[in-house]
Protein chains: 2
Amino acid sequence: MAEILKGNVVAKQIKEKMKRDIEELKKHDRIPTLAIVRLGDNPGDISYEKSIIKNCDDVGIKSVVYERDVNIKTEELIELIEELNKDNNISGILVFRPLPKHIDEEIIRNVISPEKDVDCMHPLNLERIFEGDMDGFAPCTPKAAMEILKYYDIPLEGKNVVVVNRSMVVGKPLAMMLLKENATVTICHSRTQNLEQITNRADVVVVALGKAKFFDEKYFNENSIVIDVGVSLDENGKLSGDADYGIVSPIVSKITPVPGGVGSVTTSILLSQVVLACKNI
Amino acid sequence: MAEILKGNVVAKQIKEKMKRDIEELKKHDRIPTLAIVRLGDNPGDISYEKSIIKNCDDVGIKSVVYERDVNIKTEELIELIEELNKDNNISGILVFRPLPKHIDEEIIRNVISPEKDVDCMHPLNLERIFEGDMDGFAPCTPKAAMEILKYYDIPLEGKNVVVVNRSMVVGKPLAMMLLKENATVTICHSRTQNLEQITNRADVVVVALGKAKFFDEKYFNENSIVIDVGVSLDENGKLSGDADYGIVSPIVSKITPVPGGVGSVTTSILLSQVVLACKNI
């Protein structure tokens, strides 16, 4: 049976550090504050928002929700973000994505001040990740995966790490973070041939296809370390990762569960970036 | 004996297309013009400059050299670049690198107008490459490697491509270009373990360590397609690629020579980006 790489202990450690940083900031009358920009009332957004607010409360970050109509004009959204950029009481800005179709994300992500861009949407922050400069803001999901690898002391230097995802929110930034740790990185995707062979040769496999239970026992062996970033609903409407956990967890070396793995670290990464933004002001 | 993937025919094709574009631009009284900013008189820079000017002349691009003292102050260099940014007669700006040590490249690359940044130094242009948007300016060397692969009809979709380099001028942008073509990409570097095994499993190997003759027969097999980006001097002071050409070329499937391979395409990529800049004004 694999060692289960739970996320809650990782999140807890990040939060403990964060609390100390926040206490220090409060001594200087600075309160880390997150502005949440939500358009419309999609239930998924509202549930995510509640979880963020609760997490903010837990650690002592102030959160302010800016709810706007889903039909907001691009100019109005830009105006709101520019106000938040200027507002010295706001440390970080989180704009819920995906945006409604009539709003061009390309415009919006360029409007957010790079200094308050805690969700790492701005091209200048993403370019720093491309360069291997990990001192600024990073996309939360790949950073959460890295924190799990670090917490559980999983060696990366010179190791073969396979990332099955090439998006800008997971695969590409994660590949850059892994390179920074001197891993040899293979980026796979839907067009990859012989994926089973490739994942079987890897020391660490990060799966993020978003296809419930896609990866079964064929893809792994007793040495595999599996980081499962996928979150989707299986045939019974149950939350499931990309790995078929029931089949895979008995045979691999280590695996993150879903739920309770990478996803449970993501919010604490977001919050730690609000604290970082507050420190940097 | 391997098929030799010569660069000259690739460069020629790019130049032919460029000439037609330039004729079209000239009909509208627009002359693509490259500003070359050179600090000091390093012989390597001067020789590269001569080659660029000759190539510009060949295709009908105007080139203007801005030679400044190697001890130029950062503020003076910024002022020069800002003038070139504003000058409507200048389509593209090339600043020779590396810059003298007292000048911070990070500052300079942010000063160049992204619209005139034909050498792809500006973070916003590099971020587009990270995103997989290949319609703008690209670093010339990886783009040259891609043009060679394209010219010789080497399939990339679903293929395993290994890149031995993780720099911002070669490896990382090349990995993004290869992903865009749906290759499965592995990025290797000095800390990679079992490099021989990894290169032997690849369909295409791009080597760019800058170590003359580093890659011998152990790294390749009869199916290997080798793109050699390395340029350095061997033990006899002769220009050499990363691959030990005499040993490797008889056993692999295809290989680019050094000199005469990737390097002979690079300048035509630069010039095509000057034409692109002129078109976009």
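Residues numbered from 1 in each chain as written. Chains lettered and ligands numbered in written order. Predicted model: local features only at pLDDT ≥ 70, side-chain atom pairs only at ≥ 80, totals over all residues. Heavy atoms only, no water.

Under an unreviewed UniProt entry, the name given to chain A is Bifunctional protein FolD, and the source organism is Tepidimicrobium xylanilyticum. The annotation that UniProt attaches to chain A under Subunit (unreviewed entry) is "Homodimer." Per its UniProt entry, chain A bears the Function (unreviewed entry) comment "Catalyzes the oxidation of 5,10-methylenetetrahydrofolate to 5,10-methenyltetrahydrofolate and then the hydrolysis of 5,10-methenyltetrahydrofolate to 10-formyltetrahydrofolate." (UniProt positions renumbered as here; feature names shortened; annotations may be inferred.)

This brings us to the packing of helix H6 (residues 140–151) of chain B against helix H7 (residues 171–180) of chain B. Packed helices, taken two at a time, are described by their axes: the angle between them and the distance between them. Residues and elements named next belong to chain B. Axis separation between H6 and H7 bottoms out at 9 Å; the angle between their running directions is 35°. Seen along the crossing, H6 lies across H7 with a hand that is right-handed. From H6, Pro142, Lys143, Ala145, Met146 and Leu149 reach across to H7, where they touch Pro173, Leu174, Met177 and Leu178. Among the residues forming the contact of H6 with H7, the class breakdown is eight nonpolar, no polar and one charged. (Axes fitted to C-alpha atoms, helices over the stretch in contact; angles between N-to-C directions. Helix = DSSP H or I, 4+ residues; strand = E, 2+ residues; numbered from the N terminus. Left-handed = near helix turned anticlockwise from the far one by under 90°. Contact = heavy atoms within 4.5 Å. Nonpolar A, V, L, I, M, F, W, Y, C, P; charged D, E, K, R; others polar.)

Another aspect to go through is the pairing of strand S5 (residues 160–164) of chain A. Residue and element names in this part refer to chain A. For S5, the buried fraction is high: five of the five residues fall into the buried class. Residues of S5 alternate between two faces, with Asn160, Val162 and Val164 on one and Val161 and Val163 on the opposite face, all of them buried. For the crossover from S5 across helix H7 (residues 171–180) to strand S6 (residues 184–188), the handedness is right-handed. Bridge count between S5 and strand S7 (residues 204–207): four bridges; the pairing is parallel. Residue Val163 lies in a different strand from S7, and its bridge partner there is Val206. (Buried < 20%, exposed > 50% of the residue type's maximum accessible area, 1.4 Å probe, protein only. Right-handed = clockwise from strand over helix to strand, strands pointing away. Pairing = 2+ DSSP bridges.)

Next up on the list: empty space enclosed by the protein. Empty space among the atoms can be located by rolling a probe the size of a water molecule over them. Scanning the entire structure with this criterion turns up two cavities of 30 Å³ or more. Taken as a whole, the largest cavity spans an internal volume of roughly 200 Å³. Along the wall of the largest cavity there are 15 residues; nearest its centre are Thr186, Ile198 and Arg201 of chain A together with Thr186 and Arg201 of chain B. Elements supplying a minimum of two residues to the lining of the largest cavity: S5, S6 and helix H8 (195–201) of chain A together with strand S5 (160–164), strand S6 (184–188) and helix H8 (195–201) of chain B. Taken together, the residues of the lining of the largest cavity sort by class into seven nonpolar, six polar and two charged. Approximately 30 Å³ is the volume attributed to the second largest cavity. In terms of lining, the second largest cavity is formed by Ile129, Asp133, Met134, Gly136, Phe137, Ala138, Lys143 and Gln273 of chain A. Among the residues forming the lining of the second largest cavity, the class breakdown is four nonpolar, two polar and two charged. (1 Å grid on protein atoms, 1.4 Å probe; cavity = no way out; pocket = protein on both sides within 12 Å on 5 of 7 lines; lining within 4 Å. Points joined across faces, edges and corners; volume = space filled by probe spheres on them.)

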